[in-house]
Each structure stands twice: as structure tokens, then as C-alpha cells.
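Listed here are the chains, written in short residue letters.
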Amino acid sequence: MRDHDPPLALDGGADGLDAYRALFAAAGRILAPTAALVVEFGFGQAADVERIARAAALQKIDGERDIGGRERASAFALA
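Residues numbered from 1 in each chain as written. Predicted model: local features only at pLDDT ≥ 70, side-chain atom pairs only at ≥ 80, totals over all residues. Heavy atoms only, no water.

### Overview of the packing of aromatic side chains
Cut-off, in case you're wondering: Two rings belonging to Phe, Tyr or Trp (six-membered ring only in the last case) form a pair when the distance between their centres is within 6.5 Å. Interplanar angles under 30 degrees mark stacking, angles over 60 mark edge-to-face geometry, and anything in between is tilted. Where helices and strands are cited, they refer to DSSP runs of H or I of at least four residues and of E of at least two residues respectively, numbered from the N terminus. Relative accessibility decides the category of a residue: with a 1.4 Å probe and only protein chains considered, values under 20% of the type maximum give buried, values over 50% give exposed, and everything between is partly exposed.
Across all of its chains, the model carries 2 aromatic pairs by this definition. Aromatic pair Y20 and F24: ring centres 6.5 Å apart, planes at 35°, arrangement tilted. Here F24 and Y20 lie together in helix α2 (residues 18-30), a separation of 4 residues that amounts to about one turn. With respect to burial, Y20 and F24 carry one shared label: buried. Through a chain of ring-to-ring contacts, the aromatic side chains of Y20, F24 and F76 assemble into a single cluster.

### Here we look at the environment of I61
Mapped onto the elements, I61 comes out in strand β2 (residues 58-65). Separated by 15 residues in sequence, I61 and F76 place their C-alpha atoms 5.4 Å apart.

### A closer look at the sheet that holds β2
Note: strands within a sheet are paired through backbone hydrogen bonds, in either parallel or antiparallel orientation. Applied cut-off: The criterion for strand pairing is that DSSP finds at least two bridges linking the strands in question. Every axis in this analysis is a line fitted to C-alpha atoms, fitted for helices over the stretch in contact. Angles between the N-to-C directions lie between 0 and 180 degrees. The contact criterion used is simple: two residues touch if any of their non-hydrogen atoms lie within 4.5 Å.
As summarised here, the arrangement of the 3 strands in space is β1-β3-β2, forming an open sheet in which the pairing is antiparallel. Edge positions in the open sheet fall to β1 (37-40) and β2, since each of these has one partner strand only. Along the sheet, successive strands turn relative to each other by an average axial angle of 25°, direction set aside. Contacts from α2 reach β1, β2 and β3 (71-78) within the one sheet, and its direction differs from that of β1 by about 175°.

### Observations regarding the side chain of S74
Here S74 lies in strand β3. Taking the relative accessible area as the measure of exposure, S74 reaches 4% and is therefore buried. With sequence-adjacent residues up to four places away left out, S74 is seen in contact with L37, V38, V39, F41, K60, D62 and G63.

Here's what the structure looks like:
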């Protein structure tokens, strides 16, 4: 993976969430008013990802669970 993925995708910082911080920080500048930003995240990261999105003025509009019932993806829109 290291030969194909950007370093930020492989090293998410101390808590593994730096990529979400960067994406959500940019969302206000790049999302159309009716667009959504959909992200996938690891097991146990849903609450932290949602908290980061709210801090960036995004609101959760949908979520998807994996076959085991764990939330693994969410859609966010401008609040």
C-alpha cells in the first residue's frame, strides 16, 4: 500500500483521524450546497468522526452499518 496510497492515508496521526480533520476542514469550501461528503471509517471510530464533522459545521445525514451491525460509513452535509 505504501507505494500507492498517500502518506496521510497510511498515517492518520496520533489517533488515526487526521485525514478526517483535513477532509472536513475543506468541505465548507468545496461542497456544493446540496452535496454530501461520504466517508468510511474503522471499527469504533464513528463517534469521533461525527464529532470532528460537527466541529467543521457538518451534520450527519445518513450512516451505513457492516454485516456485523457496526457503523462503518456516514454521509455528512453542510449544516
